[in-house]
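Structural characterization, general
Single-letter residue listing:
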Amino acid sequence: MDENDWKYHGEGNKSLVVSHVQHSRVLRLLKYPCEETQNTHQTTEQAFQHIPNIVDYSRNVMKPLLGEKYVHSGEVVKLPLDFVRKLSLKIQQERPELRCDKVMDTFSGCGLCLPNLTHLSLCHFGDHRPPLCVEIKPKCGFLPFSRHATKECKRKVCRFCMHQHFKLANGKWNRLSRYCPLDLFSGSKQRMYIAIKNLLEEPQNNLKIFKGGELIYSCKDDAKQQPDLNELVQHLWPYFHHSNGHQSSKTVLSEFIQVICSALLSTGDSNRSVEPRKMQLSDGRVLCEASPLHRDLLRNGSPGLPKDCVLAKILQAQMMDNLDIEGLYPLYKRVEQYLEEFPKERNRLQIDGPYDSSFLEKVKTCPSEDDGSIEYAVAKVLQYRVAMTAKDCSIMITFAPCGEDEKLQPHLEIQPTKSRFAFSVSILDLDPKPYESIPHQYKLDTKIVNYYLKSTIDTKELPPSSLYSERQDCTLLFHPV
Ligand SMILES: O=P(O)(O)O[C@@H]1[C@@H](OP(=O)(O)O)[C@H](OP(=O)(O)O)[C@H](O)[C@H](OP(=O)(O)O)[C@H]1OP(=O)(O)O
Ligand SMILES: Nc1ncnc2c1ncn2[C@@H]1O[C@H](COP(=O)(O)OP(=O)(O)OP(=O)(O)O)[C@@H](O)[C@H]1O
């Protein structure tokens with residue numbers, strides 16, 4: 001292993017990713033808060049336990065729920081410590097400042113090896129244009145429907161939109177994002193179009209774009225700066241340039257968004273002649289009052305998502321949280337109390353794994369009514385954790401131009417220009433969420449809701465029309481998608 005064969009690729013809160021300079025592979029390594037690195041023995045033990053758990057959870061739990069074709073679980077690898085240390089030093093200056101509160105694990109040598117999803121695994125058709133890849137972290141796509149959700153606003157405004165106000169106040173971001181996950185998950189091409197447009201305008205940590213495996217568009221390290229859409233258009237132009245005339249920036253972006261929407265709605269069967277079956281939610285669950293879209297557009301109803309598309313798969317898993325954290329928390333306390341009395345039961349109940357087929361069975365076969373049993377409480381807690389994973393995962397859409405003669409490959413076509421793209425869709429970051437984080441989730445939920453109520457109390461008194469015109473000019477032009 002030579003550190004010069006690898007380069008910095010990206011990172012999140014819990015892991016750091018490097019990519020191989022020649023092969024289409026990445027290594028995913030854990031990160032720790034700086035203070036935890038004092039205890040190298042403990043962090044090493046943690047990595048040896050956690051990394052195989054990540055693979056098992058992804059392979060045995062999330063893959064069956066989300067679909068074989070979308071999930072790549074990777075393999076555990078043991079890396080020489082010398083290599084990991086040199087790598088850590090090499091990439092340090094490329095890490096964004098906002099992520100440097102944690103350090104890469106250089107003690108265990110344990111990592112995950114995965115396919116590089118910013119590349120297209122299909123052969124590349126001899127086209128000179130490198131693949132484009134769009135990574136979206138969609139977050140929670142429905143409104144809670146549980147009778148346990150006590151605050152009325154939780155049934156009207158989605159968690160992401162409420163959380164924006166809290167994040168702004170805490171200085172995590174400098175501008176409110178207009179992206180609303182309920183628009184993305186609506187299945188309505190108009191609403192999805194606007195959701196993606198809003199992500200492009202304010203990507204935060206919900207959108208990244210790669211070209212040939214290199215990051216070309218994301219939130220700036222200096223969060224005060226906005227990323228440059230014109231620069232993005234320059235990158236995109238060769239992909240959406242047609243012989244029949246000059247494309248304006250607007251058209252280029254519009255076609256780009258159209259490809260993303262089509263990939264998100266695709267069921268992988270481009271030759272289908274009949275309409276795919278739809279996943280339909282009642283309007284009460286799919287309309288967020290904070291979405292900047294005009295009410296008329298929202299009122300058009302939601303066509304729903306094709307059942308096998310990536311968004312439907314993620315939404316189904318997210319909706320395993322059907323009690324809301326307010327309904328789940330008392331069940332968590334029931335489990336806690338039981339474990340205090342019978343600590344040895346922790347293993348049988350699979351609180352910390354193993355993440356195998358019997359864990360999945362517990363998640364899938366939870367009784368619908370609370371019979372007061374510990375089994376019910378545990379199954380609901382496990383379901384909630386699966387839903388949390390689905391609420392925090394990311395989608396990667398990778399595509400590259402392909403010709404007329406490559407019809408057999410799954411492809412997307414843009415009308416009226418008939419541009420053709422070979423594509424793949426994957427889901428990443430499917431790590432288990434710790435059982436211990438439930439009390440934190442409960443407190444965070446209260447903080448977000450209370451802060452939202454407090455911060456929007458004045459604007460709420462405005463008549464709806466002025467509220468909307470203040471947040472977004474509603475004379476948006478809809479291009480056919
Ligand atoms: O709680 P949320 O909704 O803020 O989600 C956290 C994410 O924040 P976001 O709101 O997406 O900016 C957060 O993302 P960032 O670090 O903000 O990019 C993490 O994904 C975190 O997961 P984990 O604790 O690292 O496993 C996420 O925490 P979990 O709640 O999924 O554990
Ligand atoms: N298989 C992959 N191929 C290409 N890029 C990847 C792959 N896995 C991860 N990445 C990149 O690395 C980044 C960080 O990975 P990941 O989201 O798994 O980190 P994380 O710390 O678990 O995230 P979070 O903050 O959500 O906890 C991703 O946003 C993505 O850009």
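Here the residue index of a chain counts from 1 through its sequence in written order. Each chain is given a letter, starting from A, and each ligand a number, starting from 1, according to the order in which they appear as written. Two thresholds apply to this predicted model, a pLDDT of at least 70 for residue-level local features and 80 or more for giving and counting side-chain atom pairs, whereas whole-chain, interface and lining totals are computed over all residues. To get the side-chain values, all heavy atoms of the structure are used, and hydrogens and water are removed first.

Where an unreviewed UniProt entry is consulted, the protein appears under the name Inositol-pentakisphosphate 2-kinase, with the organism given as Tachysurus vachellii. UniProt's Sequence similarities (unreviewed entry) comment on the protein is quoted here verbatim: "Belongs to the IPK1 type 2 family." Per its UniProt entry, the protein bears the Catalytic activity (unreviewed entry) comment "1D-myo-inositol 1,3,4,5,6-pentakisphosphate + ATP = 1D-myo-inositol hexakisphosphate + ADP + H(+)". UniProt positions are given in the numbering used here, feature names are shortened, and annotations may be inferred rather than shown by experiment.

**Digging into the overall build of the protein**
Helix and strand content of the protein: 16 helices and 14 strands. Relative accessibility decides the category of a residue: with a 1.4 Å probe and only protein chains considered, values under 20% of the type maximum give buried, values over 50% give exposed, and everything between is partly exposed. When each of the 481 residues of the protein is scored for burial, the buried share is 53%. Contacts are assigned to residue pairs that have any heavy atoms within 4.5 Å of one another. Taking all contacts inside the protein whose residues are at least 6 apart in sequence as the whole, residues at least 24 apart take part in 72%. Summing over all exposed atoms, the protein offers an accessible surface of approximately 22400 Å²; the carbon and sulfur share of this is 50%. Strands are runs of DSSP state E lasting at least 2 residues, helices are runs of H or I lasting at least 4, and numbering of each runs from the N terminus. The Shrake-Rupley method, run with a 1.4 Å probe sphere, supplies the accessible areas, and residue values consider only the shown protein chains as cover.

**Regarding the pairing of strand β3 (residues 25-33)**
Here β3 lies mainly inside the structure; 8 of its 9 residues are buried. Taken together, the 3 bridges between β3 and strand β5 (residues 102-104) define a ladder with antiparallel strand orientation. In the strand pairing of β5, Y32 is matched with V103. A pair of strands is considered paired only if DSSP assigns at least 2 bridges between the two.

**Topic: unusual backbone geometry**
In the segment running from G353 into P354, the intervening peptide bond is cis, with an omega of 0°. Structurally, P354 can be placed in the loop between α12 (345-348) and α13 (357-364). For K139, which is not a glycine, the phi torsion comes out positive at approximately 65°. Taking relative accessible area as the criterion, K139 reaches 24% and is therefore assigned partly exposed. Even without glycine at this site, D429 takes up a positive phi of about 60°. Inspection of the secondary structure assignment puts D429 in the loop between β14 (419-428) and α15 (438-460). By relative accessible area, D429 is classed as partly exposed at 31%.

**Thoughts on the site of ligand 1**
Note on definitions. A residue lies near a molecule or strand when any single heavy atom of the residue is within 4 Å of it. The local shell around ligand 1 holds 15 residues, among which R99, K167, K172, D392 and K433 are the closest. N or O atoms closer than or at 3.5 Å make up a polar contact, with two conditions inside protein: a donor-capable atom paired with an acceptor-capable one, and, for residues adjacent in sequence, both atoms drawn from side chains. Taking K14, its side chain carries an N or O atom lying 3.1 Å from an oxygen atom of ligand 1. One of the side-chain nitrogen or oxygen atoms of K139 is found 2.8 Å away from an oxygen atom of ligand 1. Elements with a contribution of two residues or more to the shell around ligand 1: α3 (159-169), α14 (374-392) and α15. With 3 residues, α3 is the largest single contributor of residues to the shell around ligand 1. Classes in brief: Ala, Val, Leu, Ile, Met, Phe, Trp, Tyr, Cys and Pro nonpolar; Asp, Glu, Lys and Arg charged; the others, Gly included, polar. The residue inventory of the shell around ligand 1, partitioned by class, reads 2 nonpolar, 4 polar and 9 charged.

**Focus: the pattern of salt bridges**
The working definition used for a salt bridge is a side-chain nitrogen of Lys or Arg within 4 Å of a carboxyl oxygen of Asp or Glu. Applying the stated criterion across every chain yields a total of 23 salt bridges. Put simply, E326 and K154 hold a salt bridge, and the shortest N to O gap is 2.6 Å. Linking E326 in helix α11 (residues 324-341) with K154 in the loop between β7 (132-136) and α3, this pair joins segments that are 172 residues apart in sequence. The exposure class of E326 is buried, given its relative accessible area of 18%. What makes K154 buried here is its relative accessible area of 3%. We note a salt bridge from R346 to E436, for which the minimum N-O separation is 3.1 Å. Pair noted here: R346 is in helix α12 and E436 is in the loop between β14 and α15, with a separation of 90 residues, a long-range link. Under the relative-accessibility criterion, R346 is labelled partly exposed at 24%. According to the relative accessible area criterion, E436 is partly exposed, its value standing at 49%. Connected through salt bridges with shared partners, the residues K137, K139, D392 and K433 form a single ionic network.

**What about the pairing of strand β12 (residues 394-401)?**
Burial of β12 is extensive: 8 of the 8 residues sit out of reach of the surface. Pairing of β7 with β12, which is carried by 5 bridges, proceeds in the antiparallel orientation. From the neighbouring strand, L132 faces β12, where its bridge partner is F399. Two strands pair when backbone bridges link them, and β12 and β14 are joined in this way by 8 bridges, in the antiparallel orientation. In the strand pairing of β14, I395 is matched with I427.

**Structural notes on the site of ligand 2**
Taken together, 22 residues form the shell around ligand 2, and within it N13, K14, S15, E135 and D429 come nearest. Within the contact set of ligand 2, an oxygen atom lies 2.9 Å away from a side-chain nitrogen or oxygen of K208. One of the side-chain N or O atoms of D429 is found 2.6 Å from an oxygen atom in ligand 2. Out of a free accessible area of 630 Å², ligand 2 has 94% covered by protein chains. Those elements that place two or more of their residues in the shell around ligand 2 are β1 (6-11), β2 (15-20), β3, β6 (110-115) and β8 (207-211). Considering only residue class, the shell around ligand 2 consists of 8 nonpolar, 6 polar and 8 charged.

**Section: the sheet that holds strand β13 (residues 411-414)**
As summarised here, the arrangement of the 6 strands in space is β9-β8-β7-β12-β14-β13, forming an open sheet in which the pairing is antiparallel. Both outer strands of the open sheet, β9 (214-217) and β13, are each paired with one neighbouring strand and no more. Ignoring which end each strand starts from, the neighbouring axes of this sheet average 30° apart. Both β13 and β14 contribute to a ladder of 4 bridges, which runs antiparallel. Bridging across to β14, I414 finds its partner in S419. Whenever a helix is involved, its axis is fitted only over the stretch in contact; in every case the axis is a line through C-alpha atoms, and angles between N-to-C directions fall within 0 to 180 degrees.

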